[in-house]
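Observations on the model geometry
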Amino acid sequence: MVESQTSLPALASPWVGAFPFCAAHPELHYLDAGATSQYPQSVVTAMTTYMEQENAPLHRGLYRTAYAATTRFEDVRAQVARWLHAARPDEVVFTSGATAGLNLVAQSWGAHAVHAGDNIIVSALEHHSNVLPWRALAQRTGATVQVAPLTAAGAINQAWVLAHIDARTRVVALSQMSNVTGAALTDTAELAAAIHAVGGVLVLDGAQGAAHLDVDVQALGCDFYACSGHKVYGPSGIGILYGRADYLVQMAPVNLGGGMIDTVTPTTATWADPPTRFEAGSQNAVGVIGLGAALDFITTDAEAKHDWVDALGDAAWTHLNAIDGVHLYGDRANHGCVSFNLDGVHPHDLATFLDEQDVAVRAGHHCAAPLMATLGITGTARASFGVYNGYGDVAALIAGVQAAKEFFDGTK
């Protein structure tokens, strides 16, 4: 490991001891929470206990263990509703992740509400999961996708969005927080009021925002909100779609099968009420249990945890910006997500070099290729921080980038 020469404080995370992964890899500086966060022990324990002692089929078995498992599953749905400040638990649909939630809205609500001549607004910084479903919907229906540009600071130009909402706009679908720059939306209530005035909906991709921002879907004014468990210290393969109850009841299911019906005859079928109609088949019970434990973790001292990660992102930005030849994207208000390049070094090569220094970062287009085209680059290296990271991780990143600069320009 290259020694850092920065003046960063030698402060470890107050929560690092809660993460067995960190204890198992004390030499590793894991800076890829934007892709997937690590599990607290409480999440591992909750999932293990469920698998060892509580597993039973949900919503089906007529015996005590099955009733208990179903109750635990539905208790987490109510917990998610409280976390998101949804009006009621049946506005929470469990999915396999944010991608599945966004696709469900595009395929079901979109098929119901979007027609030829309508338009859909996205932005230049969206993750592919909040671009491709809307493009596909536009191709199917004859609608148009409009792409909002960015501000000089790398955030969505919300003034442009407001100016382009008109009587034909059916959907505004935006990332609450960029997975590349960490830039977050500011006044979504204003956007919501504008789109509601013309009868459309506001869809927020909360995959990144849910881990770093306080989420109140009613205050945000959004009609749909999608996020994933594995970015909020929970398990992979479980996600959340919040949808307003009056919209969900109008939507047809996309996946058909067991558990999501009201009646089935040889020739007809009717659907169960939401959210059940959108949860066909056997559900990811252990994932939901793990998600519940993760929400217990992130909602305890939530403000302190957000502040800690924000401070790490600010420190990383400050010290990277002091290295000659480093180019940063976005600005200091990055919520612990810092993307950068080093002159003359491909981001993949930089990530490989950093890996040899035990610094794990992401490199590439981050499933945001339109943003890379907007920035005029092919990709970036990205350091994204979780609550288990400390200032030692920032120092290791800075030292690694400085060493990479010296190595690739031949000065060392």
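See the structure printed just above.
The structure presented is a predicted model; accordingly, all values stated were derived computationally and were not measured.

Considerations on the packing of helix α12 (residues 302–321) against helix α15 (residues 391–408)
- For the pair α12 and α15, interaxial distance at closest approach is 10 Å and the crossing angle is 20°. Overall, the two elements α12 and α15 adopt an arrangement that is roughly parallel. Here α12 runs over α15; the crossing is right-handed. Side by side, α12 and α15 meet where Trp308, Ala311, Leu312, Ala315, Ala316, His319 and Leu320 of the first sit next to Tyr391, Val394, Leu397, Ile398 and Val401 of the second.
- Residues of the contact of α12 with α15, tallied by class, amount to eleven nonpolar, one polar and no charged.

A look at empty space enclosed by the protein
- Per the counting criterion, the structure on display carries two cavities of 30 Å³ or more.
- Within this model, the largest cavity holds a volume of roughly 80 Å³.
- Looking at the lining of the largest cavity, the elements that each hand over two or more residues are α8 (209–212) and α12.
- In terms of residues, the lining of the largest cavity owes the most to one element, α12, which gives three residues.
- Each pocket or cavity is described by its volume, and for the second largest cavity that value is around 70 Å³.

Let's talk about unusual backbone geometry
- That bond from proline 274 to proline 275 is cis: its omega, 0°, falls within 30 degrees of zero.
- A positive phi is found at aspartate 301, a non-glycine position, where the angle reads about 55°.
- Take aspartate 301: it is sitting in the loop between α11 (285–299) and α12.
- The backbone of histidine 366 sits at a positive phi, close to 60°, despite the residue not being glycine.
- Topologically, histidine 366 is positioned in the loop between β14 (362–364) and α14 (369–375).

Criteria and cut-off values
Residues numbered from 1 in each chain as written. Predicted model: local features only at pLDDT ≥ 70, side-chain atom pairs only at ≥ 80, totals over all residues. Heavy atoms only, no water. Axes fitted to C-alpha atoms, helices over the stretch in contact; angles between N-to-C directions. Helix = DSSP H or I, 4+ residues; strand = E, 2+ residues; numbered from the N terminus. Parallel < 35°, antiparallel > 145°, perpendicular 65-115°, else oblique. Left-handed = near helix turned anticlockwise from the far one by under 90°. Contact = heavy atoms within 4.5 Å. Nonpolar A, V, L, I, M, F, W, Y, C, P; charged D, E, K, R; others polar. 1 Å grid on protein atoms, 1.4 Å probe; cavity = no way out; pocket = protein on both sides within 12 Å on 5 of 7 lines; lining within 4 Å. Points joined across faces, edges and corners; volume = space filled by probe spheres on them.

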